[in-house]
Amino acid sequence: MSSNTTVRTARRRTLRIAAAALTAAAALSLTACSGSDAGGAKAAGQASTGTSVAAAESNGAGSGAKADTKADTKTDSNAGAKAGTAGAQSGGSHAGTAKSSSPVRIDTLVDGSKAEIYELGDQRYRAKIISRGSVLATMETSGEEIDAGLDANDMFVVLTMGGEIHSWMGGGHQGPGTFQVAGGWKVKVTKVGELRYRAQIIGHDGVAATLETKGHDVGVDANGVYIVLTAGGLLSAHQ
């Protein structure tokens, strides 16, 4: 074999090896690209799915917020309506307490002060004792004591359930004890607790009436004899 033939054979082999190398490189490049595209697609799919989930969660949270807002509004609205109704009922009750805002009568008491008498209802009256333009005391009849009594600086006052007022000065007896008072009545005063005294009004037929203080003065009209028992156990009567 000549030298030229040997050289051509070597060149062909070299070209074949180079072509095979290029083919293998191209195959590897295509494989890498295919894997990269698949991973990218997968990553993009995951990202898209994650975005959809996040959006769904965001929408769910928004719905919850809207529901909470509606619930709060409804609750507040109902509470406001109930409060308004209660206020209206309360206002109506207070408005119906007094029959008139003006006194039905103004009487002069024994010390020169004035008593403004207001009618509150059936056998219910209030008296404001006023001196020099100032209210010194307020007394009110009720279903519990019926008549009302007061010691205003040694001036004793009785307001009856008929709206009549009677006043006198002094004549007090400090209880406990049994005292003979105006009108032939005998009154037995006993202490039953702190600022609590009881007075039994005794006539010919036994105990006719009983007064008891409960932290405040009390009084009674006993057939035209007016009796006051104070929270401190002081008793006074006048006819």
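Above this note sits the structure.
Residues numbered from 1 in each chain as written. Predicted model: local features only at pLDDT ≥ 70, side-chain atom pairs only at ≥ 80, totals over all residues. Heavy atoms only, no water.

**Q** Sorry if this is basic, but what is going on with the pairing of strand E14 (residues 225-229) here?
**A** Two faces, one strand: in a regular strand the side chains alternate between the faces of the sheet. The buried fraction of E14 amounts to 5 of the 5 residues, a majority that puts the element mostly inside the structure. Neither face of E14 is exposed, since Val225, Ile227 and Leu229 on one face and Tyr226 and Val228 on the opposite face are all buried. Pairing of strand E13 (residues 218-222) with E14 involves 5 bridges; the strand directions are antiparallel. Across the sheet, the residue bridging to Ala222 is Val225, located in E14. Pairing of E14 with strand E15 (residues 234-238), which is carried by 4 bridges, proceeds in the antiparallel orientation. Directly across from Ile227, in E15, lies its bridge partner Ala237. Counting the residues that bridge the hairpin from E14 to E15 gives 4 residues, and of these Gly233 lies at a positive phi of roughly 90°. (Buried < 20%, exposed > 50% of the residue type's maximum accessible area, 1.4 Å probe, protein only. Helix = DSSP H or I, 4+ residues; strand = E, 2+ residues; numbered from the N terminus. Pairing = 2+ DSSP bridges.)

**Q** Is there a simple way to explain the pairing of strand E11 (residues 196-203) in this structure?
**A** Alignment of strand E10 (residues 186-193) against E11, held across 7 bridges, turns out to be antiparallel. Of the residues in E11, the one forming a bridge with Val189 is Ala199. Between E10 and E11, which follow one another and run antiparallel, lie 2 residues, and Leu195 among them has a positive phi close to 55°. Pairing geometry for E11 and strand E12 (residues 206-212), over 6 bridges, is antiparallel.

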